[in-house]
Amino acid sequence: MDSILYKQNKNFNQLINEFIEEYVNYRNKLEQITREKPIIISSRFFKHLIDLLGEDLEKIKEKSYKLGKEWGKEYLLLWNNSNVSSTTLNDINIFIKYLKDIAEYSGLYKLDIIEKKGSLTVIFHHDYSNIFSALLAFYYKGIFEAFYDNYEISDIAINQNNFIISITMKNLDHL
């Protein structure tokens, strides 16, 4: 504990207050989105649930994509503190901020983002299976395709402990 406090240059009360504030904000956002109480489970149990989904990756991809298209707007608005209007949702930075916030607050994955002119590669590292990779990748694809006309997902790579989403800007010849 002392090393954490030293590295972050904080006292114990500051650290605890920040932790409680983040937790309360996370729970509040989940309750607003789902209109139900969130549940907290261990990553071990969560991994087991993902493994129980079965091996029909095509159905998982299809259903996850559909849910992303249906639920995406609510999630993007709430995770951006409702400071975003429906007309500004097409800003790619809002989507990237959403992914970063989920990584920070949920612990579902860690992110690496590689930016090049006209493209982004987003690598999601996690401790689960290729089923989880497919579920989340196609859920995010559904959200993305519901809002971003100037960009396209050019590739999705599904792996055991990570997935990669490649995003490119359309009409690059105008840059």
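Residues numbered from 1 in each chain as written. Predicted model: local features only at pLDDT ≥ 70, side-chain atom pairs only at ≥ 80, totals over all residues. Heavy atoms only, no water.

An unreviewed UniProt entry lists the protein under the name Heme NO-binding domain-containing protein, from Saccharolobus solfataricus.

Trainee: If you had to explain the sheet that holds strand S2 (residues 119–125) to someone new, which residues and values would you point to?
Mentor: The antiparallel open sheet is built from 4 strands, whose spatial order is S1-S2-S4-S3. Looking at the sheet topology across the chains shown, the edges are occupied by strand S1 (110–116) and strand S3 (151–158). Sheet twist, expressed as the mean angle between neighbouring strand axes with direction ignored, is 15°. As paired elements, S2 and strand S4 (residues 162–169) share 7 bridges and run antiparallel to each other. Bridge pairing links Leu120 to Ile167 in S4. Along the sheet face, helix H6 (residues 130–147) touches S2, S3 and S4 and points at about 175° away from the line of S3. (Pairing = 2+ DSSP bridges. Helix = DSSP H or I, 4+ residues; strand = E, 2+ residues; numbered from the N terminus. Axes fitted to C-alpha atoms, helices over the stretch in contact; angles between N-to-C directions. Contact = heavy atoms within 4.5 Å.)

Trainee: Please give an account of the packing of aromatic side chains that cites residues and values.
Mentor: Using the criterion set out here, one finds 13 aromatic pairs in the structure. Between the aromatic rings of Tyr98 and Tyr140, the centroid separation amounts to 5.9 Å while the plane-to-plane angle is 85°, which identifies the pairing as edge-to-face. One end of the pair, Tyr98, is in helix H5 (residues 92–106); the other, Tyr140, is in helix H6, and 42 residues separate them in sequence. Accessibility assignment for this pair places Tyr98 and Tyr140 in one class, buried. Centre to centre, the rings of Tyr109 and Tyr140 are 6.2 Å apart; their planes meet at 90°, and the pair counts as edge-to-face. Pair noted here: Tyr109 is in the loop between H5 and S1 and Tyr140 is in helix H6, with a separation of 31 residues, a long-range link. Taking the relative accessible area as the measure of exposure, Tyr140 reaches 2% and is therefore buried. A connected cluster of aromatic rings, assembled from ring pairs, spans Phe95, Tyr98, Tyr109, Phe124, Tyr139, Tyr140, Phe144, Phe147, Tyr148 and Phe163. (Phe/Tyr/Trp six-rings, centres within 6.5 Å; stacked < 30°, edge-to-face > 60°. Buried < 20%, exposed > 50% of the residue type's maximum accessible area, 1.4 Å probe, protein only.)

Trainee: Hey, could you go over H6 for me, with residue numbers and the actual values?
Mentor: Helix length check: H6, at 18 residues, gives a terminal C-alpha distance of 26 Å against a target of 26 Å (1.5 Å per residue), a fit within 8%. Within H6, 13 of the 18 residues are buried, which leaves it mostly tucked inside the rest of the structure. Taking the backbone nitrogen of Ile131 as reference, a side-chain oxygen 3.2 Å away marks Ser129 as the first, capping residue of H6. (Expected span 1.5 Å × (residues − 1). Polar contact = N/O pair within 3.5 Å; in protein donor to acceptor, adjacent residues only side chain to side chain.)

Trainee: Summarise the environment of Ser119; cite the residues concerned and give the values.
Mentor: Relative to the assigned elements, Ser119 resides in strand S2. Judged by its relative accessible area of 23%, Ser119 is partly exposed. With 33 residues separating them in the primary sequence, Ser119 and Glu152 have C-alpha atoms 9.4 Å apart. Residues within four places of Ser119 in sequence aside, it is in contact with Ile114, Ile167 and Thr168.

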